[in-house]
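Observations on the three-dimensional arrangement
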Amino acid sequence: MNFILRILLTALAVVILAKFLPGVEVAGYLTAIIVALVLAILNLLVKPLLVILTLPVTILTLGLFLLVINAIIILLADAFVAGFGVSGFFIALLFSLLLSLFQSLLFSLLGKD
């Protein structure tokens, strides 16, 4: 049940960010839910692989390269989901930062797992 709430809260954050960020487009609420599911799957499967492969760069930049990895995950979701569009890398970077902020705020309302 908690997973479904997290997906719905992420979809809500995606819709809100798409309204305010130029360069991010979401076709509708169902597309936002699909984006949230795809982001969850990519964060589960692809992100750990990217973190391991880029570990030296991540250590060298004191963890700031993880922001680039998050932007890459957003761009991958853009490629996989029709109806979701991000216009460029820097918009994806800003979108990933704001999405993480929104998720942390919204997930804190859920409490512990």
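What counts as what
- Residues numbered from 1 in each chain as written.
- Predicted model: local features only at pLDDT ≥ 70, side-chain atom pairs only at ≥ 80, totals over all residues.
- Heavy atoms only, no water.
- Helix = DSSP H or I, 4+ residues; strand = E, 2+ residues; numbered from the N terminus.
- Rg over C-alpha atoms; globule rule 2.2 N^0.38 Å.
- Buried < 20%, exposed > 50% of the residue type's maximum accessible area, 1.4 Å probe, protein only.
- Contact = heavy atoms within 4.5 Å.
- Areas by Shrake-Rupley, 256 points an atom, 1.4 Å probe, with all protein chains shown as cover.
- Expected span 1.5 Å × (residues − 1).
- Bend = angle between axes of the 7 residues up to and from the residue.
- Axes fitted to C-alpha atoms, helices over the stretch in contact; angles between N-to-C directions.
- Parallel < 35°, antiparallel > 145°, perpendicular 65-115°, else oblique.
- Left-handed = near helix turned anticlockwise from the far one by under 90°.
- Nonpolar A, V, L, I, M, F, W, Y, C, P; charged D, E, K, R; others polar.

A tally of helices and strands in the protein yields 5 helices and 2 strands. The order of helices and strands in the protein, counted from the N terminus, is α-β-α-α-α-β-α. By the compact-globule yardstick of 13 Å for 113 residues, the protein fits well, its C-alpha radius of gyration being 14 Å. Along the longest, intermediate and shortest principal axes, the C-alpha atoms of the protein span 40 × 35 × 20 Å. Here the protein holds 113 residues, and 33% of them are scored as buried. Here the analysis covers contacts within the protein between residues at least 6 apart in sequence; of these, 66% occur between residues at least 24 apart. Here the protein has roughly 6900 Å² of accessible surface; of this, 78% comes from carbon and sulfur atoms.

For helix α2 (residues 29-53), spanning 25 residues, the distance from its first C-alpha to its last is 34 Å, which sits close to the expected 36 Å at 1.5 Å a residue. Its maximal kink placed at N43, α2 deviates by approximately 40°. Residues of α2 that are buried in the fold lie against α1 (2-20), β1 (24-26), α4 (65-80), β2 (84-86) and α5 (89-110).

What follows covers unusual backbone geometry. Non-glycine residue L62 carries a positive phi angle of around 55°. With respect to the secondary-structure elements, L62 resides in the loop between α3 (55-60) and α4.

On to α4. Its 16 residues place the ends of α4 23 Å apart at the C-alpha level, agreeing with the 22 Å of an ideal helix rising 1.5 Å per residue. In this fold, the buried residues of α4 make contact with α2, β2 and α5.

The next subject is the packing of α1 against α2. Where α1 meets α2, the closest approach of the two axes is 8 Å, and the angle between their N-to-C directions is 120°. In terms of axis orientation, α1 runs oblique to α2. Crossing geometry of α1 relative to α2 is assigned as right-handed. Contact residues: α1 offers F3, I7, L8, T10, A11, V14 and V15, while α2 offers Y29, A32, I33, V35, A36, L37 and A40. Its residues placed into classes, the contact of α1 with α2 shows 13 nonpolar, 1 polar and no charged.

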